[in-house]
Amino acid sequence: MTLPRDYRGQTCALSRSMEIVGERWTLLILRDAFYGVRRFGEFAAHLAVPRAVLTDRLATLVEAGVLDRRPEPGTGRREVYVLTPKGIALWPAVRALTAWGEEFYAAEGGPRRVFRHVGDEAPIDAGGRCTGCGTAVPVEDILVTPGPGLGPPAEVSGTESDAESDEIAHKGSGEVSDAVSGGASDAVSDKGSAKVSGRLPGKGSTAPSAEVVDPVTAALTRPHRLLTPLISRSRPTHPAHPITAPSGRPTRGPQR
């Protein structure tokens, strides 16, 4: 049975908010957008979400004015998704849900991501204040850094090329039914799954993964400022962590 998107008979502000951000995968898409994920293929590879569902969720967020879909600077052939001021205003909710998950459903080994203040690199507490200087830290001054629970790499699974993913997204928009909104759920704390693989070692590890097909996970093994693009086509492959496609699969365009 497919549930309707709206909360019929409910008129409070919370129900109206949930109609936009309450569907499965939507908060995880927003979390990744804060990390700096912008391309359809990168969302799909990191979340392992069905392409049709991802297309539908992105279209809903664009229609609601939470994300803006625009041409990627410098390419002209690919579109990216960027948080609008309305979307950025959701950061306290994303941060609070993440902190709630860490407190009551903590992953073994500790958090996989730690938020820090750009100014002094001190951790940020659950209320959004820097534990070093006490400042209420705005989202644009937050670093996401590897946490103790990041762990060793998981078994690698294949993904499609970025160009293929973008083509599926754009051709599929407008053809998605709400009936395809299934798929394995995830936690806001970004625990991950075996399908979302290509995990790279955390700080201090010495054994790099032989094959990595998820560029988002690879990029997040290094400190990164929120809201800035996470992956740049001009960025060279990190020498210690090669990013390659699975053996036996042809590649088109830049390798992951």
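The structure this text deals with has already been given above.
Residues numbered from 1 in each chain as written. Predicted model: local features only at pLDDT ≥ 70, side-chain atom pairs only at ≥ 80, totals over all residues. Heavy atoms only, no water.

Topic: the overall build of the chain
Then, in step 1: When helices and strands are tallied, the chain shows eight helices and five strands.
Then, in step 2: Each helix (α) and strand (β) of the chain, taken in turn from the N terminus, gives the series α-α-α-α-β-β-α-α-β-β-α-α-β.
Then, in step 3: Expressed as a percentage of its 256 residues, the buried residues of the chain come to 41%.
Then, in step 4: Long-range pairs, those at least 24 residues apart, make up 66% of the contacts in the chain between residues at least 6 apart in sequence. (Helix = DSSP H or I, 4+ residues; strand = E, 2+ residues; numbered from the N terminus. Buried < 20%, exposed > 50% of the residue type's maximum accessible area, 1.4 Å probe, protein only. Contact = heavy atoms within 4.5 Å.)

Remarks on the pairing of strand β2 (residues 79–83)
Then, in step 1: With four of five residues buried, β2 lies mostly within the body of the structure.
Then, in step 2: Across five bridges, the pairing between strand β1 (residues 67–71) and β2 is antiparallel. Of the residues in β2, the one forming a bridge with Arg70 is Val80. (Pairing = 2+ DSSP bridges.)

A closer look at the packing of aromatic side chains
Then, in step 1: According to the stated counting rule, one finds four aromatic pairs in the structure shown.
Then, in step 2: Ring geometry for Phe34 versus Trp91: centroids 5.0 Å apart, planes at 55 degrees, classification tilted. Residue Phe34 is found in helix α2 (residues 26–35), and its partner Trp91 is found in helix α6 (residues 91–104); the two are separated by 57 residues along the sequence.
Then, in step 3: You can call Trp91 buried: its relative accessible area is 5%.
Then, in step 4: Ring geometry for Trp100 versus Tyr105: centroids 5.5 Å apart, planes at 55 degrees, classification tilted.
Then, in step 5: Ring pairing ties together the aromatic residues Phe34, Trp91 and Phe115, which thus form one cluster. (Phe/Tyr/Trp six-rings, centres within 6.5 Å; stacked < 30°, edge-to-face > 60°.)

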